Amino acid sequence: MPDAPPDDSPREITGLVTRSTGSWYDVRTDSGEDVRARIRGKFRLEAETIDETNPLAVGDRVTLQMQEDETGLVTAIAPRENQLSRRAAGHRARSEHVIVANVDRAWCVQSTFQPKLNPGFVDRMLIAAEASHIPAGLILNKSDLLEGKPRAQDALAFWSELYEGLGYPVLFTSAETGEGVEAFRQRLAGAVSVVSGPSGVGKSSLLNAIEPDLGLRVSEVSEKTNKGRHTTTFATLLEAAGGWVADTPGIREFGIWGMAPEELGGYFVEFRPFLGECRYPNCTHDHEPGCAIQDAVDEESITPERYGSYLNILESVRKEYRADEEADWRRRDVRPDVWEEPEE
Ligand SMILES: Nc1nc2c(ncn2[C@@H]2O[C@H](COP(=O)(O)OP(=O)(O)OP(=O)(O)O)[C@@H](O)[C@H]2O)c(=O)[nH]1
Ligand SMILES: [Mg+2]
Ligand SMILES: [Zn+2]
């Protein structure tokens, strides 16, 4: 038996971050209690130096030093197995927003209508998941709204086959009728998952359908814009279906973080068999001669939809990459007088 600690030494416990508001965190301790916790300033500074908006994300494992008022002080953050990140929005666009840490699967949630499926969003999120080696899947919610709309049904079937063909599981669900809810529940069992997607697609509604006791707040989509009202405001890790699932705030656009333009093609799974075959080793597959990807598009081994999406994402990745580099120079104050384009 180890010696009991002397009475005046602070009690240290470990746990899982289940909610992050930016200043306070909820931690589920390994003995099953929920504790409110704060972090030391040094973690904030460390996060800033690596351009993270927040030092802790839901899914992080932490060590707490218990305070006299029964709140915790985070004294250590365990190294992450993985993290799903996007570019922060607005004026913090030069930093990384970690949506969740240590997950087994990321589900991109979209709806059929109100708002309608946004394949560009899907691709960006799938690319981010691929870059972090997180298995991903697609949920097409509000399947009930397809009733009596054969053309929309065909369109949704097209996208569902496309993504399934790439190896991503696709589930049609309806929080309204219950369709697909059981199938989703089975996918969540025994795993740590995250749902992410635009506002109003029904992420929280789906989790309520799976676990009615959660009682998550939901609200109607704006009639005028068909967009959600950003009802969920903080990421929260919830116990559901014998696993954990993070409900997250809806996002307008899934910005890609920290990717060089020539890396992007590697995260389009169907590009991978052709990647070594381009004439130029750092080919970005949009204008270069002798490009195996462009050939594969011509030969219909790669769909025009995904290639078009690739070109769109490439354009924004290029722009952000350049802006990041310039911001980096500015911050270090070593910007050369003559700005030279980096060598191709
Ligand atoms: N018809 C239909 N409506 C649904 C379905 N799922 C959710 N809704 C409705 O869609 C609206 C938005 O649902 P939420 O669950 O708040 O959406 P969310 O994705 O969590 O949105 P944010 O928290 O803002 O990101 C609500 O009015 C829900 O009732 C569905 O399967 N079918
Ligand atoms: Mg929500
Ligand atoms: Zn190429």
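Residues numbered from 1 in each chain as written. Chains lettered and ligands numbered in written order. Predicted model: local features only at pLDDT ≥ 70, side-chain atom pairs only at ≥ 80, totals over all residues. Heavy atoms only, no water.

A. Representation of the coordination of the zinc ion (ligand 3) within the structure. Taken together, the protein donors to the zinc ion (ligand 3) comprise C278 (SG), C283 (SG), H285 (ND1) and C291 (SG), at separations of 2.1 to 2.4 Å. If you look at the zinc ion (ligand 3), its 4 donor atoms make angles of 103 to 115 degrees with each other, and the shape they trace is tetrahedral. Along the chain, the residues donating to the zinc ion (ligand 3) fall in the pattern C-x4-C-x1-H-x5-C. Assigned by exposure class, C283 and C291 land together as buried. (Donors = N, O, S within 2.8 Å, 3.2 Å for Na, K, Ca; no water. Tetrahedral: all angles 85-135°; square planar, octahedral: opposite > 155°, others 65-115°. Buried < 20%, exposed > 50% of the residue type's maximum accessible area, 1.4 Å probe, protein only.)

B. Here's a closer look at the environment of A191. Among the structural elements, A191 can be located in the loop between α4 (181-188) and β11 (192-196). Overall, the relative accessible area of 16% leaves A191 in the buried class. When residues no more than four places from it in sequence are discounted, the contact partners of A191 are D104, G243 and W244. (Helix = DSSP H or I, 4+ residues; strand = E, 2+ residues; numbered from the N terminus. Contact = heavy atoms within 4.5 Å.)

C. The coordination of the magnesium ion (ligand 2), seen in detail. Taken together, S204 (OG) and T232 (OG1) make up the full set of protein donors to the magnesium ion (ligand 2), lying 2.0 to 2.1 Å away. Taken together, the residues span a long stretch of sequence, with S204 in helix α5 (residues 203-210) and T232 in the loop between α5 and β12 (236-240) at a distance of 28 residues. Pair check on accessibility: S204 and T232 agree, each one buried.

The analysis is restricted to geometry; functional conclusions fall outside its scope.
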